[in-house]
Amino acid sequence: MEFGKIIISETAAKSENPQDVVNSNISVINLMREEKIDDDLIHEDALMSYYLDFYTSKYTEGNFSKFVYDSGWNKELNELIEEGLALIGAEKHLALFQEQSRKLRLQSNIKLGKFLQGKFDVPNPFRDLLNNNDYFELDENLVELNASFLKSHPDTEVLSVEEMFSALEEFVGHEIKRD
């Protein structure tokens, strides 16, 4: 049985900062994972939002190469991100992601493998080749788009922290430790 809700805290929903909404969703997913709930049982759009935030934070932290490096260039994850960018209406970011993916597919798997097994923060022409600063010039804010997608989703429930725990405890069938 899938957990058919996307849960956001009341505090995050009222916040002026869209990252708070995204972080609230992330917290719920992290808690579900701590409770050994399989990703297949977590709402797919909640997970998609989670992975879009991963992409956004890695790109912001160290450009496209950081995302490639930290994700291990995972085919399933890349498909999720592509779907997610389309779903939240980030057309410019989607075009950039597809362009970057094509650029990477033109490289040899041996070069990619060496890059993924090496150290990230040493001079590396392959890493530099992957980077594209266009991301920072796009007039689409991924955090805002992600947050408004979550807030307007028909399966989203805005709950107090206590209600959030109750809903998750009902789903897992036992009390969850609060800290």
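Before reading on, note that the structure itself is shown above.
**Section: the packing of helix 4 (residues 75-87) against helix 5 (residues 91-105)**
Here comes step 1: For the pair helix 4 and helix 5, interaxial distance at closest approach is 8 Å and the crossing angle is 155°. On the basis of their axis angle, the class for helix 4 and helix 5 is roughly antiparallel. Crossing hand, helix 4 versus helix 5: left-handed. Two secondary-structure elements touch here, helix 4 through N78, I81, E82, L85 and A86 and helix 5 through H93, L94, F97 and Q98.
Here comes step 2: Along the lines of polarity and charge, the residues of the contact of helix 4 with helix 5 split into 5 nonpolar, 3 polar and 1 charged.

**Some remarks on the packing of aromatic side chains**
Here comes step 1: With the rule as written, the count across this model stands at 21 aromatic pairs.
Here comes step 2: Seen from their ring centres, Y55 and F97 are 5.3 Å apart, and the 90° between their planes marks the pair as edge-to-face. In this pair, Y55 sits in helix 3 (residues 44-71) while F97 sits in helix 5, placing the two residues 42 residues apart along the sequence. Here the two residues Y55 and F97 agree in accessibility, since each one is buried.

**Details of the pattern of salt bridges**
Pairing between side chains of opposite charge can happen when their charged atoms approach one another.
Here comes step 1: Summed over all chains, the structure comprises 8 salt bridges.
Here comes step 2: For the salt bridge of E61 with K58, the shortest nitrogen-to-oxygen distance reads 3.5 Å. On the criterion of helical spacing, the pair formed by E61 and K58 is a turn pair, its members being 3 residues apart in helix 3.
Here comes step 3: Accessibility expressed as a relative area gives 15% for K58, which makes it buried.
Here comes step 4: Within this structure, K58, E61, K66 and D70 form a network of salt bridges that share partners.

Conventions used here
- Residues numbered from 1 in each chain as written.
- Predicted model: local features only at pLDDT ≥ 70, side-chain atom pairs only at ≥ 80, totals over all residues.
- Heavy atoms only, no water.
- Axes fitted to C-alpha atoms, helices over the stretch in contact; angles between N-to-C directions.
- Helix = DSSP H or I, 4+ residues; strand = E, 2+ residues; numbered from the N terminus.
- Parallel < 35°, antiparallel > 145°, perpendicular 65-115°, else oblique.
- Left-handed = near helix turned anticlockwise from the far one by under 90°.
- Contact = heavy atoms within 4.5 Å.
- Nonpolar A, V, L, I, M, F, W, Y, C, P; charged D, E, K, R; others polar.
- Phe/Tyr/Trp six-rings, centres within 6.5 Å; stacked < 30°, edge-to-face > 60°.
- Buried < 20%, exposed > 50% of the residue type's maximum accessible area, 1.4 Å probe, protein only.
- Salt bridge = Lys/Arg side-chain N within 4 Å of Asp/Glu carboxyl O.

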